[in-house]
Amino acid sequence: MLQSLIDVILPVFLVVAAGYIATQKGFFSPAQIDGLMKFTQGFAIPCLLFRAMANLDLSSSFDPALLISFYTGAAVCFCIGLTGARLIFKRDWEDCVAIGFCCLFSNSVLLGLPITERAFGPENLTGNYAIIAFHSPFCYGLGITAMEVVRNRGAGGFKTVSSVLTAMFKNVLILGIALGFVFNLAGLSIPGAVDAALQLLIRAALPTALFALGGVLVQYRPEGDLRTIGFVCVTALMVHPSIVWLMGGTLGVKQDLFRSGVLNAAMAPGFNAYIFANMYGRAKRVAASSVLIATAASVLTIWFWLLVLS
């Protein structure tokens, strides 16, 4: 299966590496990389998700067993990260929530989509889109709720609910998903010219996002507690997909959805992990370093999971 490493994984990470090197060498400034990321995260990828959700066959894609497997694994990893940070590394509760979020939030869009597509073909992305539909609402909902609870030590229930809803409905990825659902459930079709324009944007979305991801990673330095970072990487890259593999097999998830679930769970923490830590000013060094190191390590761990799934 060495060929799978060469054919499936390396092209994706070579684009990331190209962005990293180009930015490190000064061909792109941080401001230019921020512009590329703003284009992809704020416009192109929401368009991709909108079109995918508008055209998704809801009856075949939203398999409860897939979603239960994936999100049970995510929630368990959040709890592992939070309790491990508290009991093993003696961090305060706010840091623990941020570290738990790093273990929770896999990079299902920038890495999960292109790697699954290259491994199994674009016709096998149904499970990916089902997972992505709930990913940001679930992860941010869990993370923000836990953070608000520990910050207020259980007080301010209305403030907690308000913070969760405000954060989620400011997220353009969630808005793109929600609008796609509206089109799908209402039986609306995207006009031909609009759909053609969306497809042009979508073609640029993932490669540009991968390149920009490499540029963003230049800003991250492997600093902080290396033991904590290693703990996050093992939890995110190995524990989460192991739980999905065990639960998905037990619940009889269909093969194409099962592969999507395991591969998405095996992705490194997305830079949303750093955004969350930065939003609260907690465990920022651990979050940034975990994104960088786990992304590099996932070249090999994803290969391992492709071997398991073959």
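These figures come from a predicted structure and were not determined experimentally.

Draft legend 1. Summary view of the environment of C102. Residue position: C102 is located in helix α5 (residues 93-104). By relative accessible area, C102 is classed as buried at 1%. In sequence terms C102 and N264 are 162 residues apart; their C-alpha atoms lie 15 Å from each other. Non-local contacts of C102, meaning those with residues more than four positions away in its chain, are made with V232, A236, P269, A273 and A287.

Draft legend 2. Just the side chain of D195, in detail. Following the sequence through the fold, D195 ends up in helix α10 (residues 192-217). The class of D195 is buried, set by a relative accessible area of 16%. Excluding anything up to four places from it in sequence, D195 contacts R51 and I190.

Draft legend 3. Looking closely at a nonpolar patch on the surface. Judged by side-chain polarity, V161, L165, F169, V172 and L175 come together as a nonpolar surface patch covering roughly 430 Å² of accessible area. Listed by contribution, the elements that provide at least two residues to the nonpolar patch are α8 (157-169) and α9 (172-186). The element best represented in the nonpolar patch is α8, accounting for 3 residues.

Draft legend 4. Broad picture of the nonpolar core. In terms of nonpolar packing, the biggest core is built from 104 residues, with L111 and Y129 touching the most fellow members. Among all residues touching L111, those that are not within four sequence positions of it are V12, F13, L210, L213, M267 and A268.

Draft legend 5. Quick look at the pattern of salt bridges. Applying the stated rule across the entire model yields 4 salt bridges. Put simply, R282 and D92 hold a salt bridge, and the shortest N to O gap is 2.7 Å. Of this pair, R282 sits in the loop between α13 (272-280) and α14 (284-309) while D92 sits in the loop between α4 (64-87) and α5, placing them 190 residues apart in sequence. For R282, a relative accessible area of 26% puts it in the partly exposed group. Put simply, R282 and D95 hold a salt bridge, and the shortest N to O gap is 3.7 Å. Here R282 is found in the loop between α13 and α14, whereas its partner D95 is found in helix α5, with 187 residues between them in sequence. For D95, a relative accessible area of 11% puts it in the buried group. What you see here is one network of salt bridges that share partners, running through R91, D92, D95 and R282.

Draft legend 6. Expanded view of the packing of helix α7 (residues 126-152) against α9. The N-to-C vectors of α7 and α9 enclose an angle of 135°; their axes lie 9 Å apart at closest approach. By the angle between their axes, α7 is oblique relative to α9. As for how α7 packs across α9, the hand of that crossing is left-handed. Taken together, the residues of α9 that come into contact with α7 (itself represented by I132, A133, S136 and P137) are L173, I174, I177 and F181. Residue composition of the contact of α7 with α9, grouped by class: 7 nonpolar, 1 polar and no charged.

Draft legend 7. Quick look at the packing of aromatic side chains. This model, assessed by the stated rule, comprises 11 aromatic pairs. Centre to centre, the rings of F70 and Y71 are 4.9 Å apart; their planes meet at 80°, and the pair counts as edge-to-face. For Y71, a relative accessible area of 10% corresponds to the buried category. An aromatic cluster of at least three residues, connected via ring pairs, comprises F101, F105, Y140, F276 and Y280. The ring centre of F120 lies 4.1 Å from the NZ or CZ of R259, which sits over that ring.

Draft legend 8. Quick peek at unusual backbone geometry. Positive phi, close to 60°, is recorded for K90, a residue that is not glycine. Mapped onto the elements, K90 comes out in the loop between α4 and α5. Note on K90: relative accessible area 64%, which makes it exposed. With a phi angle near 50°, A283 is a residue other than glycine that sits in the positive phi range. Tracing the backbone through its elements, the reader meets A283 in the loop between α13 and α14. Its relative accessible area of 10% is what places A283 among the buried residues.

Definitions and limits used
Residues numbered from 1 in each chain as written. Predicted model: local features only at pLDDT ≥ 70, side-chain atom pairs only at ≥ 80, totals over all residues. Heavy atoms only, no water. Helix = DSSP H or I, 4+ residues; strand = E, 2+ residues; numbered from the N terminus. Buried < 20%, exposed > 50% of the residue type's maximum accessible area, 1.4 Å probe, protein only. Contact = heavy atoms within 4.5 Å. Patch = residues over 30% accessible without salt bridge, like charges linked within 9 Å, V, L, I, M, F, W, Y side chains within 5 Å. Areas by Shrake-Rupley, 256 points an atom, 1.4 Å probe, with all protein chains shown as cover. Salt bridge = Lys/Arg side-chain N within 4 Å of Asp/Glu carboxyl O. Core = buried A, V, L, I, M, F, W, Y, C linked by side-chain atoms within 4.5 Å. Axes fitted to C-alpha atoms, helices over the stretch in contact; angles between N-to-C directions. Parallel < 35°, antiparallel > 145°, perpendicular 65-115°, else oblique. Left-handed = near helix turned anticlockwise from the far one by under 90°. Nonpolar A, V, L, I, M, F, W, Y, C, P; charged D, E, K, R; others polar. Phe/Tyr/Trp six-rings, centres within 6.5 Å; stacked < 30°, edge-to-face > 60°. Lys NZ or Arg CZ within 6 Å of the ring centre and 35° of its normal.

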